[in-house]
Amino acid sequence: MLAVSGSVEAARAGDTGRGFALVSTDIRTLARETAENADRVEDAVRDILDQIALLRRELEQVIASGEAEVQSNRDVTVALERLDSDVAQLGVAGQEILKGADSILSTATETMTAARHIAVAAEEARGGNGPPGERRHE
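Parameters and conventions
- Residues numbered from 1 in each chain as written.
- Predicted model: local features only at pLDDT ≥ 70, side-chain atom pairs only at ≥ 80, totals over all residues.
- Heavy atoms only, no water.
- Helix = DSSP H or I, 4+ residues; strand = E, 2+ residues; numbered from the N terminus.
- Buried < 20%, exposed > 50% of the residue type's maximum accessible area, 1.4 Å probe, protein only.
- Areas by Shrake-Rupley, 256 points an atom, 1.4 Å probe, with all protein chains shown as cover.
- Salt bridge = Lys/Arg side-chain N within 4 Å of Asp/Glu carboxyl O.
- Polar contact = N/O pair within 3.5 Å; in protein donor to acceptor, adjacent residues only side chain to side chain.

*Asks:* Give me the overall build of the chain: which residues, what numbers.
*Replies:* Looking only at helices and strands, the chain features 2 helices and 0 strands. Looking at the chain as a whole, 4% of its 138 residues qualify as buried. Put simply, the chain shows about 11,800 Å² of open surface, and 61% of that area lies on carbon and sulfur atoms.

Below, the structure written as structure tokens:
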């Protein structure tokens, strides 16, 4: 608008307004370049905003994926804790089985020792001749 007004005033002034006309033309050129630059800046800002929106969506996806991974890790931790408890219970049960097996082995050893004593006593009672169960003939 300023450039148009300057051109009008330069035309009224005639030859004396030529310098003013040149300045007016330069102002018009600068105004056009400024408008073009403003359009380019607007396009650049729009592109930046689009990139920011895209980045935001990608970050939201990463956050959602991270939250899902955290929940999955929590589930695995709970399962491992249960497994640890089960293994501890199996260890206790194994110890009890081992004690029972030791008791059975001890009883079997005592039974075997008693059976040997009975066999020796039976042999002595028979007189030491022949296999057990045979009668001695005199």
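*Asks:* Talk me through the pattern of salt bridges; I want residue IDs and the actual numbers.
*Replies:* Scanning all chains against the criterion turns up 4 salt bridges. Between Arg126 and Glu123 there is a salt bridge, and its shortest N-O distance comes to 2.6 Å. Taken together, the residues span about one helical turn, with Arg126 and Glu123 both in helix H2 (residues 18-126) at a distance of 3 residues.

*Asks:* How would you explain the side chain of Arg126 if you had to name every residue and give the values?
*Replies:* Arg126 sits in the buried class, given a relative accessible area of 15%. In terms of polar contacts, Arg126 uses its side chain to reach the side chain of Glu123, at 2.6 Å.

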